Amino acid sequence: MVTPSQEKLTLAKIYKSVSPLTRFITLGLTVALAYSGGLDTSVCIKWLQEKYRADVVTVTLDLGQKDNLREIGKRAYLLGARNHYAVDARHEFVTGYVYPAIKANGLYEGKYPLSTALGRPLIAEKLVEVARKEGADAVAHGCTGKGNDQVRIDVTVRSLDPSLKVIAPVREWNMTRDEEMTYAQNQGIPIKPSKSIYSVDQNLWGRSIESGPLEHPDQEPLPDAFEWVTLPEEAPDTPGYLDLEFLEGVPTKVNGQELNPVELIQFVNQLGGSHGVGIIDHMEDRLVGIKSREVYECPAALTIIEAHKDLEKLVLTRNELEFKSSVEREWAWLVYSGLWMEPLRAALDSFIETTQKRVTGKVRLKLYKGNVRVVGRSSKNALYKLELSTYNKGSTFDQRNAVGFIELWGLQARVAAKVAAKVAGMSEGRTAGYQRETPEEIQ
Ligand code: ARG
């Protein structure tokens, strides 16, 4: 964690003691900016300084995206940030955001594990924290006006602290890519030759890949889009096995070994990815109405959710599962659409939490050339009972009970069929359309 110097903190304290209006007139705004180190947010620093006479404080979260955080910090100071904060939020991200997503089997439109969506409210929360520490008047982020991320950050910030202004320079400045490059050059912002034609966002729960050739949904993604997942056709010829142990809905052990929350996700990402597991190619409905082709690499998310769903089927009742599936759909929608702060999300979490008390057990998965399949499961809370389901001797299920059960189960259907036949004017018992044929007639 890069912590600001004592001297700077004292300055921030003095700064905070002055009223916002006085501050603005005399000094301009102080803005806490979510800084990734990339071109957009680097341009944001300069633009905020220029347009708002802002003192910019930058905040970079480590959500497991594997960026060089030291370099990002240096860059922020180079561009004139008053202070820079690097926050290792990996543990908090997993336990506070990924765990609820696992318990909710969170998949937007049945496919997207919400990796980017889950990171945004945490970024917003940390921005607000830093803004308060620094006596900032506003927070800023580099989201465009076309995506979901702007909604997620704006809504969360404004729910947490309505006194903070939210500035989204990219949404405001309306520059084309070329104009932005020229602006960067004029401002002396060092431009790294872009390594990728794609727009990428990553954290421990997944990697989102957009734009470039992916904007043509009829075309298969090129191999260069992928970094986490080995192409299934190049994955090993021998399958991999993974034993995942869950404790009350969350994975705690892999192959019998306890790992910390962050390591566990990293391990499954690595193993799944090496077997070609985790690629998602999805036509997605964005909140702002745009349909977009999204490609993801989410090996751990897909593997863990698959295992978790399977374990739930072993320990929860049919009614619980059925109801939970509609709760899950709603949960995924709220998270996707930026409403992490919506009270309904917390209410749904309470229901989900109740069900998870029994979701403890072990799941065995087989990973092979892009495919992940559960091949075994066990739990002390299993509702599966061999003595009930076995076709061999030792069954305790009395089959004679089935007769009475069927009698009542089908009662209304049988009565309704009779009534329908009467209404149609058919004599009871007549089977329309059948004709009896003798062997001679057929000859
Ligand atoms: N479509 C995904 C979502 O809305 C991914 C967004 C990726 N964001 C980004 N800034 N590259 O969650």
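Definitions and cut-offs
The numbers attached to residues start from 1 for each chain and follow its sequence in the written order. Local features in a predicted model are, by the rule used here, given only for residues with pLDDT of at least 70; side-chain atom pairs are given and counted only at 80 or more, and totals for whole chains, interfaces and linings are based on all residues. Using a C-beta atom placed from the backbone for every residue, we mark a residue as near a molecule or strand if that atom lies within 6 Å of it. Strands are runs of DSSP state E lasting at least 2 residues, helices are runs of H or I lasting at least 4, and numbering of each runs from the N terminus. Here the nonpolar group is Ala, Val, Leu, Ile, Met, Phe, Trp, Tyr, Cys and Pro; Asp, Glu, Lys and Arg are the charged ones; every other residue, Gly included, is treated as polar. As used throughout, domain bounds are those supplied by an automatic or database domain assignment. Counting other C-beta atoms within 10 Å of its own, a residue is labelled buried from 20 upward, exposed at 12 or fewer, and partly exposed in the gap between, with every C-beta atom placed from the backbone. Fitting a line to C-alpha atoms yields each axis, with helices limited to the stretch in contact; the angle taken between N-to-C directions then spans 0 to 180 degrees. For classification, angles of less than 35 degrees are called roughly parallel, those exceeding 145 degrees roughly antiparallel, those between 65 and 115 degrees roughly perpendicular, and all remaining angles oblique. Two residues qualify as a contact pair if the distance between their C-beta atoms, derived from the backbone, is within 7 Å.

### Re the site of the ligand
Then, number 1: As a matter of local geometry, the ligand sits amid Thr116, Ala117, Asn148, Asp149, Ser199, Asp201, Ser208, Glu210, Glu284 and Glu294.
Then, number 2: Elements supplying a minimum of two residues to the shell around the ligand: helix 6 (115-133), strand 6 (199-203) and strand 7 (206-210).
Then, number 3: Class assignment of the residues belonging to the shell around the ligand gives a composition of one nonpolar, four polar and five charged.
Then, number 4: Split by domain, the residues of the shell around the ligand number at least three in each of domain 1 (4-195) and domain 2 (200-383).

### Notes on the environment of Lys253
Then, number 1: On the secondary structure map, Lys253 appears in strand 9 (residues 250-254).
Then, number 2: Overall, Lys253 belongs to the partly exposed group, with 15 C-beta atoms counted inside 10 Å.
Then, number 3: Distance from Lys253 to Leu160, taken between C-alpha atoms, is 35 Å for residues 93 residues apart in sequence.

### Quick look at the domain arrangement of the chain
Then, number 1: With domains assigned, the chain is organised as domain 1 (4-195), domain 2 (200-383) and domain 3 (388-417).
Then, number 2: Centre-to-centre, using C-alpha coordinates, domain 2 lies 37 Å away from domain 3.

### Observations concerning the packing of helix 5 (residues 90-103) against helix 10 (residues 261-274)
Then, number 1: Interhelical geometry of helix 5 versus helix 10 gives an angle of 80° and a closest axis separation of 8 Å. Judged on the interaxial angle alone, helix 10 and helix 5 are roughly perpendicular. Side by side, helix 5 and helix 10 meet where Arg90, His91, Val94, Thr95 and Val98 of the first sit next to Pro261, Val262 and Ile265 of the second.
Then, number 2: For the contact of helix 5 with helix 10, the per-class residue count stands at five nonpolar, two polar and one charged.

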